[in-house]
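# Survey of secondary and tertiary structure
Each chain, written out:
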Amino acid sequence: MNGRQITLDDDTRIDADFVIVGAGVRPAVFLAEKSGLAVDRGVSVNEYLETSVPGIFAAGDIARWPDPRSGGRIRVEHWMVAERQGQTAAVNMLGFGEKFDAVPFFWSQHYDLTINYVGHAEQWEDAELDGSFASRDFGITYKRASRVLAVATASRDVQSLQTELAMESGGWAATEG
Ligand SMILES: Cc1cc2nc3c(=O)[nH]c(=O)nc-3n(C[C@H](O)[C@H](O)[C@H](O)COP(=O)(O)OP(=O)(O)OC[C@H]3O[C@@H](n4cnc5c(N)ncnc54)[C@H](O)[C@@H]3O)c2cc1C
C-alpha cells in the first residue's frame, strides 16, 4: 500500500484516490479462558459484571454482558462504557449488587467533526437521516421492527442527550419520531 494503490494477497493492484484501513480488534481472552472463565467472543459476565467464577469481575472492551434493552448479550468498545462498567464492577466487588444498565454512548472526534452515538445497533432495518452530511448537522436514527436501536448525531448534542434519557427511562420506542 502506498496511499494511492493497494496490492492484494494475489498481487492484484487497485488504484485509489485514497485508502482507508479498517483494522478490527479482538479481545485477548486467552488468560481468562485458561483461568477457567466462561468466554464468548469476550469474557461472559452477568448483569452485575461478574464472570462465571464468583468474585471475579470483567469490565470494558473485554466484557460481554446481558443488555436489558435488546435482551441479547453485547460487547461494546466505547470509552464511556468501559468507564461506567469499571465503576459498577468496583461497586459490586464491595458487595452492593448494582446492575449495569447504562445506555452505551460514545463521542468521537475526527478533525473538525464530532460524532455522538447513543444506543447499540449491530443490525438494523432502517437508518433515517435527518439533516445533511454537507452541513455537518444531522441525526441518523437506526431502527429495527420500528424500534429505535441507536442514534448518531453531529452538531445535535441535545438530541443525543434526549435519546440517552429516553432509552434509560423507557426503552426503545421512546425516541421514535
Ligand atoms: C484507535 C482507537 C480509537 C478509539 N476511539 C474511540 C472514540 O473515539 N470514542 C470511544 O468512546 N472509544 C474509542 N476507542 C475505544 C476505547 O479506547 C476503548 O473502548 C477503551 O479504551 C476500553 O477501555 P478498557 O479499559 O476496557 O480497555 P483498554 O483501554 O484496552 O485497557 C486494557 C489494559 O489491560 C492491559 N492488559 C491486557 N492484558 C493484560 C494482562 N494479561 N496483564 C496485565 N495487563 C493487561 C492492556 O495493556 C491495557 O492497558 C478507540 C480505540 C482505539 C484503539
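### Some details on the sheet that holds strand 5 (residues 73–74)
Taking strand neighbours across the sheet as the criterion, the three strands line up as 3-4-5 in an open arrangement whose pairing is mixed. Looking at the sheet topology across the chains shown, the edges are occupied by strand 3 (43–44) and strand 5. Sheet analysis places strand 4 (residues 63–66) next to strand 5, joined by two bridges and oriented antiparallel. Within strand 5, the residue paired with Trp65 across the bridge is Ile74.

### Examining the packing of aromatic side chains
The geometry of an aromatic ring pair is captured by the separation of the ring centres together with the interplanar angle, meaning the angle of the planes. Within this structure, the stated rule accounts for six aromatic pairs. With 6.0 Å between their ring centres and 50° between their planes, Phe105 and Trp107 make a pair best called tilted. By relative accessible area, which is 46% here, Trp107 ends up partly exposed. On the basis of an interplanar angle of 15° and a centroid distance of 5.2 Å, the ring pair of Phe106 and Tyr117 is categorised as stacked. Here Tyr117 lies in strand 7 (residues 113–119) and Phe106 lies in strand 6 (residues 105–110), a separation of 11 residues in the sequence.

### Quick word on the sheet that holds strand 6
Taken in spatial order, the five strands of this open sheet run 6-7-10-9-8, and their pairing is antiparallel. In this open sheet, the two edge strands, each paired with only one partner strand, are strand 6 and strand 8 (126–132). Each strand axis lies, on average, 15° off the axis of its neighbour in the sheet, ignoring direction. In the sheet, strand 6 pairs with strand 7 via six bridges, with the strands oriented antiparallel. From the neighbouring strand, Trp107 faces strand 7, where its bridge partner is Asn116.

### What about the domain arrangement of the protein?
Each assigned domain of the protein is listed with its residue range as follows: domain 1 (30–93) and domain 2 (105–169). The C-alpha centroid of domain 2 is placed 25 Å from the C-alpha centroid of domain 1. In this complex, domain 1 contributes eight residues to the contact, which on the side of domain 2 involves nine residues. Regarding the contact of domain 1 and domain 2, the summed buried area is about 680 Å², with carbon and sulfur atoms giving 57% of it. When the area that domain 1 buries against domain 2 is broken down by residue, the three leading residues are Arg69, His78 and Met80, summing to 57%.

### Section: the pairing of strand 4
Relative to strand 4, strand 3 runs parallel, the two sharing two bridges. Residue Ser44 lies in a different strand from strand 4, and its bridge partner there is Arg64. In this structure, the hairpin formed by strand 4 and strand 5 is closed by a connection of six residues, where Gly71 is found at a positive phi of approximately 80°.

### Some words on the site of the ligand
The full set of residues close to the ligand is Leu31, Gly60, Asp61, Glu77, His78, Trp79, Ala82, Phe106, Trp107 and Ser108. His78 places a polar main-chain atom, nitrogen or oxygen, 3.3 Å from an oxygen atom of the ligand. With respect to the ligand, the backbone of Trp107 contributes an N or O atom lying 3.1 Å from a nitrogen atom. Out of a free accessible area of 1000 Å², the ligand has 31% covered by protein chains. Listing elements by their share of the shell around the ligand, those giving two or more residues are helix 2 (79–93) and strand 6. With three residues, strand 6 is the single largest residue contributor to the shell around the ligand. Along the lines of polarity and charge, the residues of the shell around the ligand split into five nonpolar, three polar and two charged. Shared between two domains, the shell around the ligand takes at least three residues from each, and those domains are domain 1 (30–93) and domain 2 (105–169).

Rules and cut-offs
Per chain, the residues get numbers from 1 upward, laid out in the order the sequence is written. Only residues with pLDDT of 70 or above have their local features reported here, since the model is predicted, and side-chain atom pairs are shown and tallied only from 80 upward, although totals for entire chains, interfaces and linings are computed over all residues. Only hydrogens and water are set aside when side-chain values are computed; all heavy atoms of the structure are taken into account. Paired strands are those between which DSSP finds at least two bridges. Labels follow the DSSP assignment, with helices taken as runs of H or I lasting at least four residues and strands as runs of E lasting at least two, numbered in each case from the N terminus. Only Phe, Tyr and Trp rings are paired, with Trp represented by its six-membered ring, and only when their centres lie within 6.5 Å; those with planes under 30 degrees apart are stacked, over 60 edge-to-face, the remainder tilted. In this scheme, a residue with accessible area under 20% of its type's maximum is buried, one over 50% is exposed, and one in between is partly exposed, where area comes from a 1.4 Å probe on protein chains only. Axes here refer to lines fitted to C-alpha atoms; in helices the fit is confined to the stretch in contact. Angles between the N-to-C directions go from 0 to 180 degrees. What fixes the domain bounds is an automatic or database domain assignment. Contacts: residue pairs with any heavy atoms within 4.5 Å of one another. Here the buried area means the combined drop in accessible surface, using a 1.4 Å probe, for two parts upon being joined, counting both sides. Nearness here has a simple test: a residue counts as near a molecule or strand if at least one of its heavy atoms is within 4 Å of that partner. Pairs of N or O atoms are called polar contacts if they sit within 3.5 Å, as long as, within protein, a hydrogen donor faces a hydrogen acceptor (for residues adjacent in sequence, only side-chain-to-side-chain pairs). A 1.4 Å probe and the Shrake-Rupley method give the accessible areas. Residues count as covered only by the protein chains that appear here. The classification used treats Ala, Val, Leu, Ile, Met, Phe, Trp, Tyr, Cys and Pro as nonpolar, Asp, Glu, Lys and Arg as charged, and all other residues, Gly among them, as polar.

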